[in-house]
Amino acid sequence: MPIPKIKDISVIECAPAGVRLTVVKITTDQDGLYGYGCATFTQRADLVRPAVEKYLKPLLLNKTTDRIEDIWQACYDSSYWKNGPVLNNAISGIDQALWDIKGRQAGMPVYQLAAGSAGKPRTATRTPTGPITPMWWNRPSASWRRASGNVRVQIGIPGMAGYGAGGSGAPRVAALHEGQVFEPAVYLRRALKMLETCRKELGAEVELLHDMHERVSPNQAVQFCKDIEQFKLFFVEDPLSPEDSAYFRQIRSQCATPIAMGELFNSPHEWQPLIAERLIDYVRVHVSQAGGFTPARKIAIMAEMFGVKTAWHGPGDVSPIGHMANVTLDVVSYNFGIQEYSTSTPARKRSSRDVQS
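Caption draft 1: Examining the overall build of the protein more closely. Of the regular secondary structure elements, the protein holds 11 helices and 12 strands. Out of the 357 residues belonging to the protein, those deemed buried represent 50%. Taking the contacts inside the protein whose residues are at least 6 apart along the sequence as the reference set, 66% of them involve residues at least 24 apart. Counting every atom, the protein has about 16,300 Å² of accessible surface; 52% of that belongs to carbon and sulfur.

Okay, here's the thing in structure tokens:
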């Protein structure tokens, strides 16, 4: 059969439950053969469509769909300046759609293509419960005692902006002003107490995960990772901002708390020193932010050589196509660790059906 050529590239945008999702569709010159890829970049959603339509589409029309690696590299080098989140997400949409097309051609799931003749090493993925907030200020929440397995726990800070903030009826924490503010010291004290309570009440069998969201100073992060070592977390996520990655050497030298890092990274090269020096335990990759399935697979293979596991980023602002790419990576990676997953709301499921139609 003739090799398919790219006939058209279109961008599908939708916003189920107010979340901006972006999917790329590649149509080939063969009837009924097409593919989808996730290019979702919620923080700057308006920029991905022109990146695909104005820059990548003219570059790729009439190219054959079988040369996925060559097309990825051409897109990557096409703007000279590389590894920006807008272009990476646009490339991801193209890359995942090409893998989808190849799977449809072969009549096989992409995991079989990616795993090759050796076959997939995994039959299922493990996902954490949560995020749940065990405590609002000084009171337990209603649901956290039912936790089991792997549980991601977060803490609210009443009156402060930030991940996990809120809590009706709780006294407002004093801050420098009345506007949006986040006090790291307040968060750290409350998070430490939360983890102590969780371990005491839930026992040793529940695996605890906690996301710091890069919101404290490097020295505070080092101290916190030392303080929580006693609670034996499954991992603590993103204790440092990307620009402070050198401090991981201090954390590793002073405690054994497992570390997951990389949600904000754009380039595979940002993971490289952390993996090679064994400074982290889990690579926390937002697959579309890194440029798609192709570079993420390479990151996983490199990490395997150093005993580092995968923990692909899978929040609510990843499209259903993106979640499927994550799971495909999970089952073909021997060093799979855990998969964050957000259950699709009815609105998101409807949007997925709209994409298919």
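Caption draft 2: Highlighting the nonpolar core. In this structure, Ile26, Ile94, Leu195, Phe248 and Val283 are the most contacted members of the largest nonpolar core, which totals 82 residues. Filtering out sequence-adjacent residues up to four positions away, isoleucine 26 remains in contact with Ile6, Asp8, Ile9, Tyr34, Gly35, Ile94, Ala97, Leu98 and Ile101. In this structure, Leu209, Phe234, Phe235 and Tyr282 belong to the second largest nonpolar core, which totals seven residues.

Caption draft 3: Structural context of the sheet that holds strand E1 (residues 6-14). In spatial order, the strands read E1-E2-E3; together these three strands make up an open sheet with antiparallel pairing. A strand with exactly one partner marks an edge of an open sheet, and here the two such strands are E1 and strand E3 (34-38). Adjacent strand axes in the sheet meet at a mean angle of 20° when their direction is disregarded. Packed onto the sheet, helix H10 (residues 320-332) meets strand E2 (21-28) and E3 and runs at close to 90° relative to E3.

Caption draft 4: Structural context of the packing of helix H9 (residues 293-305) against H10. Between H9 and H10, the least distance of the axes is 11 Å, while the angle of their chain directions is 30°. Looking at the two axes, H9 sits roughly parallel to H10. Of the two possible hands of crossing, H9 and H10 adopt the one that is right-handed. Contacts between H9 and H10 involve Phe293, Ala296 and Arg297 from the first element and Ala325, Thr328, Leu329 and Val332 from the second. Among the residues forming the contact of H9 with H10, the class breakdown is five nonpolar, one polar and one charged.

Caption draft 5: Just the pairing of E1, in detail. One ladder, built from eight bridges, connects E1 with E2; its direction is antiparallel. Across the sheet, valine 11 pairs through a bridge with valine 24, a residue of E2.

Caption draft 6: Representation of the state of the cysteines. Tallied over the full model, the rule gives zero disulfides. Left unpaired, cysteine 225 is separated from the closest cysteine sulfur, that of cysteine 255, by 5.4 Å.

Caption draft 7: Quick look at the side chain of glutamine 154. Positionally, glutamine 154 belongs in the loop between strand E7 (150-153) and helix H5 (184-202). Accessibility expressed as a relative area gives 3% for glutamine 154, which makes it buried. In terms of polar contacts, glutamine 154 uses its side chain to reach the backbone amide nitrogen of aspartate 211, at 2.9 Å.

Caption draft 8: Structural detail: the packing of aromatic side chains. In this structure the tally under the stated criterion is 10 aromatic pairs. An angle of 20° between the planes, with centres 4.8 Å apart, marks the rings of tryptophan 72 and tyrosine 76 as stacked. Of the two residues, tryptophan 72 and tyrosine 76 are both situated in helix H2 (residues 68-77); the distance of four residues between them amounts to about one turn of the helix. Each member of the pair tryptophan 72 and tyrosine 76 is classed as buried. By way of ring pairs, the aromatic residues Phe182, Tyr187 and Phe224 are connected into one cluster. Lysine 25 extends its terminal NZ or CZ atom over the ring of tyrosine 34, reaching a point 4.8 Å from the ring centre. Geometry around tyrosine 334 places arginine 122 over its ring, the cationic atom sitting 5.9 Å from the centre.

About the criteria used
- Residues numbered from 1 in each chain as written.
- Predicted model: local features only at pLDDT ≥ 70, side-chain atom pairs only at ≥ 80, totals over all residues.
- Heavy atoms only, no water.
- Helix = DSSP H or I, 4+ residues; strand = E, 2+ residues; numbered from the N terminus.
- Buried < 20%, exposed > 50% of the residue type's maximum accessible area, 1.4 Å probe, protein only.
- Contact = heavy atoms within 4.5 Å.
- Areas by Shrake-Rupley, 256 points an atom, 1.4 Å probe, with all protein chains shown as cover.
- Core = buried A, V, L, I, M, F, W, Y, C linked by side-chain atoms within 4.5 Å.
- Pairing = 2+ DSSP bridges.
- Axes fitted to C-alpha atoms, helices over the stretch in contact; angles between N-to-C directions.
- Parallel < 35°, antiparallel > 145°, perpendicular 65-115°, else oblique.
- Left-handed = near helix turned anticlockwise from the far one by under 90°.
- Nonpolar A, V, L, I, M, F, W, Y, C, P; charged D, E, K, R; others polar.
- Disulfide = S-S within 2.5 Å.
- Polar contact = N/O pair within 3.5 Å; in protein donor to acceptor, adjacent residues only side chain to side chain.
- Phe/Tyr/Trp six-rings, centres within 6.5 Å; stacked < 30°, edge-to-face > 60°.
- Lys NZ or Arg CZ within 6 Å of the ring centre and 35° of its normal.

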